[in-house]
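Report on the structure
Chain residues, written in single-letter form:
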Amino acid sequence: MIFVTGGAGFIGSNFVLEWLAQSPEPVVNVDKLTYAGNLGNLADVAHDARLVFVQADINDTARMAALLSQHKPRAILHFAAESHVDRSVHGPGEFITTNINGTFSLLEATRAYWAHLPEADKAAFRFLHVSTDEVYGTLGPDDAPFAETNAYAPNSPYAASKAASDHLVRAYYHTYGLPVVTTNCSNNYGPYQFPEKLIPLMIANALAGKALPIYGDGQQVRDWLYVGDHCAAIRAVLADGIVGEVYNIGGWNERANLDVVHGLIELLDDLAPRADGASYKTQIATVQDRPGHDRRYAIDARKIARELGWKPVETFETGIRKTVQWYLANSDWMKDVQSGDYLKWLERNYAGRDSNVTQPGLVKAASFL
Ligand code: NAD
Ligand code: DAU
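Keep in mind the model is a prediction, meaning the values are calculated, not measured. Starting afresh in each chain, residues are numbered from 1 along the sequence in its written order. A letter from A marks each chain and a number from 1 marks each ligand, given out in the order of writing. Only residues with pLDDT of at least 70 are given local features in this predicted model, and only at 80 or more are side-chain atom pairs given and counted; all residues enter the totals for whole chains, interfaces and linings. Each side-chain value is derived from all of the structure's non-hydrogen atoms; neither hydrogens nor water enter the calculation.

**Things to note about the nonpolar core**
This is how the line gets drawn: As used in this record, nonpolar core signifies buried Ala, Val, Leu, Ile, Met, Phe, Trp, Tyr and Cys residues forming a set joined through side-chain atoms within 4.5 Å. Only protein chains enter the calculation, and the probe is 1.4 Å; a residue is then buried if its accessible area is under 20% of its type maximum, exposed if over 50%, and partly exposed in between. Labels follow the DSSP assignment, with helices taken as runs of H or I lasting at least four residues and strands as runs of E lasting at least two, numbered in each case from the N terminus.
Counting 62 residues, the largest nonpolar core has Phe15, Leu77 and Ile304 as the members making the most contacts within it. Counting residues per element, this core draws most heavily on helix α8 (residues 227-240), which supplies 7 residues. With 23 residues, the next largest nonpolar core counts Ala56, Met64, Phe125 and Val180 among its residues.

**Describing the site of ligand 1**
Using the following cut-off: A cutoff of 4 Å decides nearness: a residue is near a molecule or strand if any of its heavy atoms lies inside that distance of it. Here a polar contact is recorded for every N or O atom pair within 3.5 Å, except that within protein the pair must consist of a potential hydrogen donor and a potential acceptor, and residues adjacent in sequence are included only if both atoms are side-chain atoms. All amino acids are sorted into three groups, where Ala, Val, Leu, Ile, Met, Phe, Trp, Tyr, Cys and Pro are nonpolar, Asp, Glu, Lys and Arg are charged, and the leftover types, Gly among them, are polar.
Neighbouring ligand 1 are 28 residues; Ile11, Asp31, Ser83, Tyr158 and Lys162 lie closest to it. With respect to ligand 1, the backbone of Gly9 contributes an N or O atom lying 2.9 Å from an oxygen atom. Contacts to ligand 1 include Leu33, whose backbone N or O atom sits 3.5 Å from an oxygen atom. Of all the secondary-structure elements, those providing two or more residues to the shell around ligand 1 are α1 (10-22), β5 (126-132), α6 (157-176) and β7 (187-189). Among the elements that make up the shell around ligand 1, the one with the highest residue count is β5 (3 residues). Of the residues contributing to the shell around ligand 1, the split by class is 13 nonpolar, 11 polar and 4 charged.

**Remarks on the site of ligand 2**
With respect to spatial proximity, 24 residues lie near ligand 2, and among them Asp133, Tyr158, Arg290, His293 and Tyr350 are the closest. Between an oxygen atom of ligand 2 and a side-chain N or O atom of Glu134, the distance comes to 2.8 Å. Here an oxygen atom of ligand 2 and a side-chain polar atom of Asn257 are 2.8 Å apart. Elements supplying a minimum of two residues to the shell around ligand 2: α7 (198-207) and β8 (212-215).

**Description of the packing of helix α2 (residues 61-71) against helix α4 (residues 93-115)**
Definition in use: Angles shown run from 0 to 180 degrees and are taken between the N-to-C directions of axes, each axis being a line fitted to C-alpha atoms and, for helices, limited to the stretch in contact. By the definition adopted for this analysis, an angle is roughly parallel if under 35 degrees, roughly antiparallel if over 145, roughly perpendicular if from 65 to 115, and oblique otherwise. By definition, turning the near helix anticlockwise from the far helix through less than a right angle yields a left-handed crossing, and turning it clockwise yields a right-handed one. We call two residues in contact whenever any of their non-hydrogen atoms come within 4.5 Å of each other.
Here α2 crosses α4 at 40°, and the two axes come no closer than 9 Å. By the angle between their axes, α2 is oblique relative to α4. The interaxial crossing formed by α2 with α4 has right-handed handedness. For the pair α2 and α4, contact is made by Thr61, Met64, Ala65, Leu68 and Ser69 and by Ser105, Leu106, Glu108, Ala109, Thr110 and Tyr113, respectively.

Listed below in structure tokens is the structure:
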């Protein structure tokens, strides 16, 4: 069986759902269920006997060790993390605790488990570490996309904590021979994404008649990848990735934030028009920028294409249409998610933004809530 951490979050739950649909192999899903963990994402497989859910913190080394010796996985897929850059700006502590100390604790439990496996199982074992392109820092408009050989230059507490975790994973391979592979992926979007991230936040706010908060000039560029394509890439790396190697994963879909939001608005105007006939465009508002905001990310995904034959299936246009349709069809999921900690987070993140903003077009923070 495989052992997944963070399988109740956005990417982890998409991965578990797809895994169970494509493979007979059982899954142990270990998740602390922070504000971002939602067992509702796994409702469709809740009664599948191949899925075992354990609520546990990856920082609990003894618990991780006990779970590993109980379930005897052939691989660990490590998704669990604090994942939101803005939250890391407001409070970096949890990012250090989970992303760095938590990964260390999981690596220690894994090392002890792996050391006692029979030789053949030891060789076949994999620790697949799911990481981000943000570890490489920011690009200028004409810079080449991030390759696996780029130097690390993380700029946010989130990115720094992920960079540290990547270094630990690398060290466990070089020092102890633990068979690891690391993936560094660009911005994901798709079903079950928590509405603190750009795309689901914009969809939720548009439909609720609230402002669509664009940080700064909205010209920051991200590379967007449909979550199903990311999950397929992870399966390819698990199956055929070379131990000790790093694979960058991306969609070849660079877009400025404002263009992403305009694209969403076009779809929403078409699929769920406002009752008053106006465009959702009227809800766009400029707000104070994210401190230390990275200007551009882009991924050179040629290595994984060349060596493992993976390429994204979705274009941005097909992926974003599917995504908008999913959120429109799953308004109950959104309602459930919004009833909790999310509302308190909005207050904290957006209330502080109007105090020293000078850009015209700013809407008072209260209208985001
Ligand atoms: P998410 O925030 O949606 O989910 C994280 C999950 O981890 C949640 O279910 C949460 O409960 C769990 N978790 C958090 N702390 C834990 C702990 N201490 N012990 C056990 N479980 C814990 O995150 P996501 O967007 O699904 O990202 C998953 C992984 O992919 C992360 O490692 C992230 O850095 C990486 N990543 C994300 C993106 C993206 O665009 N979302 C892109 C590249 C890489
Ligand atoms: O690049 C991979 C990373 O992508 C992952 O490692 C992170 O886990 C994931 O959260 C994501 O980070 P970003 O910071 O790029 O994603 P986010 O959705 O928070 O923001 C995307 C862009 O949109 C970014 O330039 C900030 C901007 N933005 C975001 C929000 C929430 C806005 O303009 N307004 C907003 O309200």
